[in-house]
Protein chains: 2
Amino acid sequence: MKKFMNTAETMVAESVSGLVRAHEDIVAFGADGKCVRRRHLAPGKVGLVSGGGAGHEPMHIGFVGPGMLDAACIGHIFTSPTPGEIIAAIEEADTGAGCLLIVKNYDGDLMNFDMAIEMAAGRHRIDKVVVSDDIESERSGDGRGRRGVAGTLVVEKIIGAAAEQGLSIAELKRLADGLNGRIRTMGVALTGVTVPHTARATFTLNDGEIEMGVGIHGEPGHRREPFAASDTIVKQLSETILGDIIKQPGTNALLFVNGLGGTPPAELYLAYAAARRLFEERGVPIERSLVGTFVTSLDMQGLSVTLALLTDREVQLWDSSVTTPALRWSGPV
Amino acid sequence: MKKFMNTAETMVAESVSGLVRAHEDIVAFGADGKCVRRRHLAPGKVGLVSGGGAGHEPMHIGFVGPGMLDAACIGHIFTSPTPGEIIAAIEEADTGAGCLLIVKNYDGDLMNFDMAIEMAAGRHRIDKVVVSDDIESERSGDGRGRRGVAGTLVVEKIIGAAAEQGLSIAELKRLADGLNGRIRTMGVALTGVTVPHTARATFTLNDGEIEMGVGIHGEPGHRREPFAASDTIVKQLSETILGDIIKQPGTNALLFVNGLGGTPPAELYLAYAAARRLFEERGVPIERSLVGTFVTSLDMQGLSVTLALLTDREVQLWDSSVTTPALRWSGPV
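Residues numbered from 1 in each chain as written. Chains lettered and ligands numbered in written order. Predicted model: local features only at pLDDT ≥ 70, side-chain atom pairs only at ≥ 80, totals over all residues. Heavy atoms only, no water.

All names here are of chain A. By secondary structure assignment, the location of Glu239 is in helix H7 (residues 230–242). Residue classification places Glu239 among the partly exposed residues on the basis of a relative accessible area of 32%. For Glu239, the residues in contact, after removing those within four places along its chain, are Leu278 and Arg282. A distance of 2.6 Å separates the side chain of Glu239 from the side chain of Arg282, its partner in a polar contact. (Helix = DSSP H or I, 4+ residues; strand = E, 2+ residues; numbered from the N terminus. Buried < 20%, exposed > 50% of the residue type's maximum accessible area, 1.4 Å probe, protein only. Contact = heavy atoms within 4.5 Å. Polar contact = N/O pair within 3.5 Å; in protein donor to acceptor, adjacent residues only side chain to side chain.)

Here is the structure:
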C-alpha cells in the first residue's frame with residue numbers, strides 16, 4: 001500500500017485542509033472545523049447540505065460553492081459523519097430559508113442524517129432527499145434498495161442550480177426526488193481498495209480479474225469476471241443500465257463516466273467513447289457529458305458509468321454556472 | 001497491466017475521440033483528424049499551437065479552447081507528433097496573425113517542430129517557445145538542459161490569455177521566454193509505468209521504494225529511495241525547487257501539484273497542504289494554486305510539484321477566463 005499519506009489517523013484532515021487552502025476563494029471551514037462551507041453564502045436561499053464518509057474526494061466538499069452545495073461534512077473513511085457534524089453544517093448553511101440535506105442511501109448515513117434532522121428541527125426548517133442510483137446494490141437483494149454513488153453529483157449540481165433560483169425546500173425536494181428516479185450507475189473495478197486504518201484490502205483481484213458492480217466503499221460487486229477489452233467491459237455496464245431504465249420521450253440523456261481514483265483521464269475518455277457509441281446505437285442520443293474523477297473509492301482503479309435522463313428544465317439547471325473546487329463552468333462557450 | 005483499453009494500436013485514437021466527443025462544444029478534429037482545434041477560432045489573434053506524445057492526457061488536447069490553445073497534435077505514446085501533423089495544426093490555427101508553437105524541451109519534439117516550422121515558413125509567420133521546467137533532467141548532466149513537464153500547463157494558460165488580448169508573435173514569445181525561466185518542477189513516482197505497446201515497464205519499484213525526480217515518459221529519476229511519509233517526500237521535492245530558483249521581489253508564487261495519472265485527488269490535496277506549508281515557512285507565500293491530474297505519465301502513481309513565480313501581469317493572465325476540456329474557470333467568484 002503506497003499512498004501519499006503520513007498517518008492513517010491524520011490523512012482525512014490533512015487532505016481536507018489542503019482542499020480548503022487551495023480553494024480559499026470559494027470555501028472555508030465552518031466553526032470548529034466541523035464542516036466545509038461556502039466562503040460567501042447567499043442569504044435568503046435554501047441551504048444545500050451534503051456529506052458522507054471520506055475516501056470519495058472530491059465529493060462532497062469539492063462540490064461546495066456557488067451553484068452547488070452550501071456546506072458539506074466529512075466522516076472518517078467510508079464512515080458517515082456524526083449527527084453533530086451534520087448539525088454544524090446545517091447551522092452554517094441555513095441563512096433563513098432552511099436547509100435541504102442530500103443524503104446517499106446507506107444505513108449509516110440515513111441514521112445519522114435523520115438524527116441530526118430530529119435534533120435540529122426545533123431551530124431549522126429541514127428536509128432531506130435520498131440519492132439512490134447504484135443498480136448493483138439493488139440486485140444484491142438485501143432489501144435496502146439502490147445505494148447512492150456517482151449520480152449524487154448530478155443531483156447536487158442540478159438541485160444546487162435550482163436553489164440559486166430561489167426555490168423553496170418543498171420545491172427542491174420534489175425536483176430532486178423526480179430526478180433521482182431517472183439516474184442509474186454501474187461500476188467496475190480493476191483493483192481492490194486498501195483501507196489505510198486496517199492496511200487491509202476489502203477485496204483483492206489478480207491480474208486476470210475484474211469486479212463488476214462495485215460500490216464506492218470497496219464493497220465487492222456481484223461477479224468476478226475475467227479481465228477483458230475496455231469495450232467489452234463498458235458494454236456490459238451500459239447494457240445493465242439500459243436494462244434498468246427506459247428513456248421516456250422528452251428526456252435528455254446525460255452520460256457521466258467517473259473515475260474511481262486510480263484511473264487516468266485518457267482511459268476514462270476511451271471508456272466514454274465506447275459508452276456513448278453504445279447508448280447512441282440503442283436509441284439514446286447523448287445530450288450532455290461529464291468525464292472525470294469526481295466520486296472515488298480511495299485509489300481504486302476502476303470507473304462507473306452513469307446515465308441520467310433529464311427534463312429540459314433539468315438540462316438548463318445542469319448547464320448553469322457552477323464554481324466549486326471540483327466542478328467549475330460558466331455556461332455555453 | 002490492467003488498463004481500460006482495447007488494443008495498444010488503437011488506444012490513443014479512441015481516447016482522443018472520446019475527449020473530442022465529450023467536449024464537442026469546445027473542440028473539433030482538424031482536417032483528416034490530424035489535430036484537435038478549437039471549434040470556434042478567434043480570427044485575427046495569433047494562433048497558439050502545442051503538441052507532443054500521447055500518454056500525458058489531458059495535456060495538450062485538453063488545453064484547447066478559448067483562453068488557451070488554438071490547436072494541438074498528438075503523437076504515438078511518448079513520441080513526438082510528425083512534422084505533417086504539426087503543420088496540420090498550424091494550418092488550422094493560423095487565422096492571419098501567424099502562430100506561436102509551444103514545445104516541450106525534448107530532442108524528438110524539437111526536431112519535428114523545427115522541421116514543421118521550416119516546411120511551413122513560406123506560408124505562415126511562425127515562431128516557437130521551448131518549455132523547460134524539470135529540475136531533475138538538468139541534473140542528469142546530459143547537456144540537454146531541463147525538460148518540459150507540468151510547467152507547460154502554466155505557460156500555455158498564461159500565453160493563451162495573452163494571445164486573446166491581441167499580442168503579436170514577438171510579444172508572446174518574449175512573455176513566454178521570461179515566464180519559462182521562472183518555473184521549476186520536481187516529480188516523484190510510487191510506481192513505474194508500463195508502455196502498452198511493449199507491455200513492459202520502463203522501470204519497476206517494489207513496495208518499499210519510490211523514484212525521486214521522474215520525468216513524464218517513464219524516465220527513471222536520479223535516485224531510488226525508501227518509501228516514506230508524504231510530508232518527507234514533498235519536503236524533498238519542494239526543497240529541491242527552492243534550491244534551484246530564488247523568489248525575486250515583485251513576483252507571486254503559483255503552486256501547482258499535478259497528479260501523474262494514478263494518484264487520487266485526496267492524496268494530491270494532502271501533498272499540496274504540505275508543499276504549501278513548506279514554501280510559506282521558507283518565505284514564499286502562495287498566491288495562486290492548482291491541484292489536479294493534468295500532465296500525466298499514463299497510469300503512473302506519483303505527482304509533481306511545480307512552483308511558478310509570476311509577475312503581476314502574469315497573475316492577471318492566469319486568473320482570466322479559460323474554457324477548455326481540462327481547465328475551465330471564469331475569473332473571481
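Residues and elements named next belong to chain A. In terms of domains, chain A is made up of domain 1 (11–180) and domain 2 (183–323). The interface of domain 1 with domain 2 comprises 41 residues on the first partner and 38 residues on the second. Both faces combined, the contact of domain 1 with domain 2 buries some 3,400 Å², and carbon together with sulfur accounts for 67% of it. Here domain 1 is connected to domain 2 by one salt bridge. Salt-bridge contacts for Glu219 lead to Arg147; the nearest nitrogen and oxygen are separated by 3.6 Å. At the boundary of domain 1 and domain 2, one finds 14 residue pairs in polar contact (both at pLDDT 80 or more). (Domains from an automatic or database assignment. Buried area = accessible area lost by both parts, 1.4 Å probe. Salt bridge = Lys/Arg side-chain N within 4 Å of Asp/Glu carboxyl O.)

Residue and element names in this part refer to chain A. Take Asp134: it is sitting in the loop between strand S6 (126–131) and helix H4 (135–139). Arg147 is the oppositely charged side chain nearest to the buried, salt-bridge-free Asp134, at an N-O distance of 5.1 Å. Aside from chain neighbours lying at most four places away, what touches Asp134 is Arg146, Arg147, Val149 and Thr185. (Lys, Arg positive; Asp, Glu negative; His and termini not counted.)

Another point: the relation of the copies chain A and chain B. With an RMSD of 0.0 Å, the operation that places chain A on chain B is a rotation of 180° combined with a shift of 0.0 Å along the axis. Expressed as a symmetry operation, the mapping of one chain copy onto the other fits a two-fold axis. Of the C-alpha atoms belonging to chain A, the one lying closest to the rotation axis is found on A:Gly262, 2.1 Å away. A symmetric contact is evident, with 100% of the interface residues of chain A recurring at the interface of chain B. (Least-squares fit on C-alpha atoms with pLDDT ≥ 70 in both.)

Residue and element names in this part refer to chain B. Pairing is mixed in the open sheet, where six strands are placed in the order S11-S10-S7-S14-S12-S13. Each edge of the sheet is formed by a strand with only one pairing partner; in this case those strands are strand S11 (223–226) and strand S13 (286–292). Neighbour to neighbour, the strand axes of the sheet diverge by 20° on average, direction disregarded. Bridging between strand S7 (residues 183–189) and strand S14 (residues 302–310) involves seven bridges; their strand directions are antiparallel. (Pairing = 2+ DSSP bridges. Axes fitted to C-alpha atoms, helices over the stretch in contact; angles between N-to-C directions.)

All names here are of chain A. Across six bridges, the pairing between strand S5 (residues 99–104) and S6 is parallel. Across the sheet, residue Val103 finds its bridge partner in S6, namely Val130. In this fold, S5 hands off to helix H3 (residues 107–120), which returns the chain to S6; that crossover is right-handed. (Right-handed = clockwise from strand over helix to strand, strands pointing away.)

Enumeration according to the criterion identifies seven cavities of 30 Å³ or more in this entry. Breaking the lining of the largest cavity down by element, the ones donating at least two residues are helix H8 (265–281) of chain A together with helix H1 (11–22) of chain B. In terms of residue count, H1(B) provides more of the lining of the largest cavity than any other element does, four residues in total. Its residues assigned to classes, the lining of the largest cavity comprises nine nonpolar, three polar and four charged. There is about 70 Å³ of room inside the second largest cavity. (1 Å grid on protein atoms, 1.4 Å probe; cavity = no way out; pocket = protein on both sides within 12 Å on 5 of 7 lines; lining within 4 Å. Points joined across faces, edges and corners; volume = space filled by probe spheres on them. Nonpolar A, V, L, I, M, F, W, Y, C, P; charged D, E, K, R; others polar.)

Scanning the entire structure with this criterion turns up 46 salt bridges over all chains. One salt bridge in this structure joins B:Lys3 and B:Asp299, with 3.0 Å as the shortest N-O distance. Of this pair, B:Lys3 sits in the segment before H1 while B:Asp299 sits in the loop between S13 and S14, placing them 296 residues apart in sequence. Here B:Glu91 ties to B:Arg123 by a salt bridge, and the two come within 3.0 Å at their closest N and O atoms. Taken together, the residues B:Glu91 in helix H2 (residues 83–93) and B:Arg123 in the loop between helix H3 (107–120) and strand S6 (126–131) connect sequence positions 32 residues apart. A relative accessible area of 51% means that B:Arg123 is categorised as exposed. Connected through shared salt-bridge partners, A:Arg21, A:Glu24, B:Arg276 and B:Glu280 make up one network.

This next bit is on the interface of chain A and chain B. With 60 residues of chain A at the interface, the matching set in chain B holds 60 residues. Each partner contributes to the roughly 4,900 Å² buried at the junction of chain A and chain B, and carbon and sulfur atoms together form 61% of this total. Viewed at the interface, chain B and chain A are joined by four salt bridges. A salt bridge links A:Glu24 to B:Arg276; the shortest N-O distance between them is 3.1 Å. Joining chain A to chain B, the criterion identifies 24 residue pairs in polar contact (both at pLDDT 80 or more). Listing elements by their share of the side of chain A that touches chain B, those giving two or more residues are helix H1 (11–22), H7, H8, strand S13 (286–292), strand S14 (302–310) and strand S16 (328–329) of chain A. In terms of residue count, the dominant contributor to the side of chain A that touches chain B is H8(A) (nine residues). A per-class count over the side of chain A that touches chain B returns 27 nonpolar, 18 polar and 15 charged.

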